[in-house]
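Per-entry structural report
Read off the chains here:
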Amino acid sequence: GRQGTVRQLLEPQFHFRMAIRLLSAFAVDYQLDPALEFGELFRCWNTGRPYGRTFDPDYVVKGLQRMEIYRQLGRIRPTAR
């Protein structure tokens, strides 16, 4: 029931736009703060509900760990040669 085709998901611009729409819909539907409730959004992404049970019990923990890694990588400044 969503706009577009499965094939279009291979196109980064379409894919990321669709991901943002889905996450925004979860945030609105479940009254989640997308700047704070990351665990709940990971569960929504995987199960469709903020308190759903993921197949991989570590799915949310792993997602939160990846977010921290990306946050740390964003703080690294390239060195001049």
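It should be noted that the structure appears before, not after, this text.
In short, a report on the structure. Just so we're clear, the structure is a prediction, and the values are computed from it rather than from any experiment. (Residues numbered from 1 in each chain as written. Predicted model: local features only at pLDDT ≥ 70, side-chain atom pairs only at ≥ 80, totals over all residues. Heavy atoms only, no water.)

**Details of the packing of helix α1 (residues 12–29) against helix α2 (residues 38–47)**
Counted only if it meets this: A fitted line through C-alpha atoms serves as each axis, taken over the contacting stretch for helices, and the angle formed by two N-to-C directions is quoted from 0 to 180°. Counting from the N terminus, the helices are the DSSP runs of H or I reaching at least four residues and the strands are the DSSP runs of E reaching at least two. Geometric relationships in this document are graded by angle, where less than 35 degrees denotes roughly parallel, more than 145 denotes roughly antiparallel, 65 to 115 denotes roughly perpendicular, and other angles denote oblique. In a left-handed crossing the near helix is turned counterclockwise from the far helix by less than a right angle, and in a right-handed crossing that turn is clockwise. Working rule for contacts: check all heavy atoms of both residues, and any pair within 4.5 Å makes them a contact. Only Asp, Glu, Lys and Arg are considered charged in this grouping, and only Ala, Val, Leu, Ile, Met, Phe, Trp, Tyr, Cys and Pro are considered nonpolar; every other residue, Gly among them, is considered polar.
Following both chains from N to C, one finds α1 and α2 inclined at 115°, their axes separated by 10 Å at the closest point. Viewed along their axes, α1 and α2 adopt a mutual orientation that is roughly perpendicular. When the axes of α1 and α2 are compared, the crossing they make is right-handed. Facing A19, L22, L23, F26 and A27 of α1, the residues of α2 in contact are L41, C44 and W45. Across the contact of α1 with α2, the residue classes tally to 8 nonpolar, no polar and no charged.

**Observations regarding the nonpolar core**
Defined as follows: For the purposes of this section, nonpolar cores are sets of buried Ala, Val, Leu, Ile, Met, Phe, Trp, Tyr and Cys residues that join through side-chain atoms within 4.5 Å. Whether a residue is buried, partly exposed or exposed follows from its accessible area with a 1.4 Å probe, protein chains only, as a fraction of its type maximum: under 20%, in between, or over 50%, in that order.
Residues F26, A27, L32, L41 and C44 constitute the largest nonpolar core, which totals 5 residues. Elements with a contribution of two residues or more to this core: α1 and α2. Those residues in contact with A27, other than ones at most four positions away along the chain, are L32, P34 and L41.

**Regarding the packing of aromatic side chains**
Worth spelling out the cut-off: Ring geometry is summarised as follows: Phe, Tyr and Trp rings, the Trp one being its six-membered ring, pair when their centres sit within 6.5 Å, and such pairs are stacked at plane angles under 30 degrees, edge-to-face over 60 and tilted between the two.
Summed over the entire model, instances satisfying the criterion amount to 1 aromatic pair. Between F42 and Y59 the ring centres are 6.3 Å apart and the planes differ by 80°, which places this aromatic pair in the edge-to-face class. Placement of the pair is F42 in helix α2 and Y59 in helix α3 (residues 59–75), with a sequence separation of 17 residues. Look at Y59 and you get partly exposed, because its relative accessible area is 23%.

**Looking at the pattern of salt bridges**
Stated formally: Note on definitions: salt bridges are taken to be side-chain nitrogens of Lys or Arg within 4 Å of carboxyl oxygens of Asp or Glu.
Using the criterion set out here, one finds 2 salt bridges in the structure. Note that D56 is salt-bridged to K62, the shortest N-O span being 3.0 Å. By relative accessible area, D56 is classed as partly exposed at 27%. With a relative accessible area of 34%, K62 lands in the partly exposed category. A salt bridge links R71 to E68; the nearest nitrogen and oxygen atoms lie 2.6 Å apart. Of this pair, R71 and E68 both sit in helix α3, separated by 3 residues, roughly a single helical turn. Judged by relative accessible area, R71 falls into the partly exposed class, the value being 37%. Classification of E68 as partly exposed rests on a relative accessible area of 30%.

**What about the environment of W45?**
Mapping W45 onto the fold places it in helix α2. Taking relative accessible area as the criterion, W45 reaches 40% and is therefore assigned partly exposed. In the structure, W45 is positioned 23 residues away from L22 in sequence and 8.2 Å away in space, judged by C-alpha atoms. Discounting chain neighbours no more than four positions away, the residues touching W45 are A19, L22, L23, F26 and Y59.

Interpretation note: all reported values are geometric properties and have no functional meaning in isolation.
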